[in-house]
Amino acid sequence: MGYVAFVHDRLRQLRSRGVSIRSGSVEFVKVNTDAYQWRDIYRWLLGLSWPQFALFVGAIYVGLNLLFAVFYSVDPNSVAGRTSTSWFLDCFFFSVQTLATVGYGHMYPQTLYGHMVSTIEIMTGIFLIAVMTGLIFVRFSRPIARVLFSRSMVIGPLNGKPTLMVRIGNENHHSMVEAKFRIMFSRDQELLEGGDFRYFYDLKLHFNQITVFPAALTLRHEIDETSPLHGATLESLEAGRALFFVSVVGIDPVIAAEVQTQKDYTWRDLKFGHRFVEIYRESKEKERRLTVDYGRLHDTEPAETK
């Protein structure tokens, strides 16, 4: 009963410690929920950057070889063909050969204990190679949207009406097709009963989908009387802890797969009375050719009011 109580108390401590999940610039800590499952390791490995993934694989590889080198070194006669003055170093490099199923032949197991350890290591190596090959394949084949978002959002006049705007650019060297766009606005609002509540609004865009998305464009939401941003100021957005979520979903025609990406903005990322600078330029030498300057995708300028 004492052991069961210890395990139960340990699980309770893990649940109360919480699980951290980051969504853009916001971090959510889930407490009193189930801990990580074994299946989550797979998602965690896919979420690592390539340098982090390479470091993880290298650490696992070196760690396993060190572990089996210890096993071999328990019996000095387990491996034949010693080549260096260091017995442990011989065991380590024999483990490297065995784990990779290379088997150069100079060193080989010569006792029953050595054969048993090498058999276990070969099975471990086959399993490890299969798992790592699958992970590398998934990481290479996983489609990526490669959409560049402007560092800030702007609110300025467009055709005489206040408009929320954010600029996005397709960084792939081919067009995205059937692209869909969405901007969601979130803020705290006071309740009549006291306290506040988090509200979410879908902002109506001038266009929310496009057949072909080759380069860069600006998503626009007109702030009229029906807009949840009507009458909003930087101070009111700060008081409501305003957040904006921009998402892009489309089809990559090269691999014929759907891709998606998103970015969130806070009230600090808003620029009132600004607009994005022009990044398109027509070619004088060739008709129907436009030059798009991605280096100015984030640049803004004060908007002129009439």
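Ranked by internal contacts, the top residues of the largest apolar core, which has 30 residues, are Leu164, Ile168, Phe181, Leu229 and Phe244. Mapped by element, the contributors of at least two residues to this core are strand E5 (147-149), strand E6 (153-158), strand E7 (161-170), strand E8 (176-190), strand E11 (216-222), strand E12 (243-252) and strand E13 (257-266). With 5 residues, E8 is the single largest residue contributor to this core. In this structure Leu229 touches Leu164, Phe185, Leu203, His221, Ile223, Leu237 and Phe244, once residues within four positions along its chain are discounted. In this structure, Leu48, Phe68, Cys91 and Val117 belong to the second largest nonpolar core, which totals 19 residues.

All right, on to the packing of aromatic side chains then. The full count for this structure, using the stated rule, is 12 aromatic pairs. Where Phe181 meets Phe213, the ring centres are 5.7 Å apart and the plane angle is 85°; that geometry is what we call edge-to-face. Remark: Phe213 occurs in strand E10 (residues 209-213) and Phe181 occurs in strand E8; sequence separation between them is 32 residues. Classification of Phe181 by relative accessible area gives buried; the value is 5%.

For Thr111, the position within the fold is in the loop between strand E4 (108-109) and helix H5 (112-141). A distance of 3.1 Å separates a polar atom in the side chain of Thr111 from the backbone nitrogen of Gly114. Excluding its chain neighbours within four sequence positions, the residues that come into contact with Thr111 are Asp75, Asn77 and Ser78.

Scanning the model with the defined rule gives 5 salt bridges in all. A salt bridge links Glu222 to Lys161; the shortest N-O distance between them is 3.7 Å. Of this pair, Glu222 sits in strand E11 while Lys161 sits in strand E7, placing them 61 residues apart in sequence. Exposure remark for Lys161: the relative accessible area of 43% places this residue in the partly exposed category. A salt bridge links Arg241 to Asp188; its shortest N-O distance comes to 2.6 Å. Residue Arg241 is found in the loop between helix H6 (234-239) and E12, and its partner Asp188 is found in strand E8; the two are separated by 53 residues along the sequence. Accessibility expressed as a relative area gives 15% for Asp188, which makes it buried. In this structure, a network of salt bridges that share partners links the residues Asp188, Arg198 and Arg241.

Next up on the list: the pairing of strand E9 (residues 196-202). One ladder, built from 7 bridges, connects E8 with E9; its direction is antiparallel. Across the sheet, residue Asp188 finds its bridge partner in E9, namely Arg198. Hairpin remark: E8 followed by E9, antiparallel, with 5 residues in the connecting loop; positive phi at Gly194, about 105°.

So, about helix H4 (residues 87-99). Given 3.6 residues per turn, any residue in an α-helix points the same way as the ones three and four places further on. Given a rise of 1.5 Å per residue, 13 residues ought to cover 18 Å, and the 18 Å separating the end C-alpha atoms of H4 matches this to within 8%. Buried residues of H4: Trp87, Asp90, Cys91, Phe92, Phe94, Ser95, Gln97, Thr98 and Leu99, and no others. Tucked inside the fold, the buried residues of H4 contact helix H3 (50-74), strand E3 (79-80), E4 and H5. The N-capping residue of H4, defined by a side-chain oxygen 3.2 Å from the backbone nitrogen of Leu89, is Ser86. Looking at the residues trailing H4, positive phi occurs at Thr101, about 55°.

How each quantity is defined
- Residues numbered from 1 in each chain as written.
- Predicted model: local features only at pLDDT ≥ 70, side-chain atom pairs only at ≥ 80, totals over all residues.
- Heavy atoms only, no water.
- Core = buried A, V, L, I, M, F, W, Y, C linked by side-chain atoms within 4.5 Å.
- Buried < 20%, exposed > 50% of the residue type's maximum accessible area, 1.4 Å probe, protein only.
- Helix = DSSP H or I, 4+ residues; strand = E, 2+ residues; numbered from the N terminus.
- Contact = heavy atoms within 4.5 Å.
- Phe/Tyr/Trp six-rings, centres within 6.5 Å; stacked < 30°, edge-to-face > 60°.
- Polar contact = N/O pair within 3.5 Å; in protein donor to acceptor, adjacent residues only side chain to side chain.
- Salt bridge = Lys/Arg side-chain N within 4 Å of Asp/Glu carboxyl O.
- Pairing = 2+ DSSP bridges.
- Expected span 1.5 Å × (residues − 1).

From the geometry alone we can't say anything about function, so treat these as descriptive.
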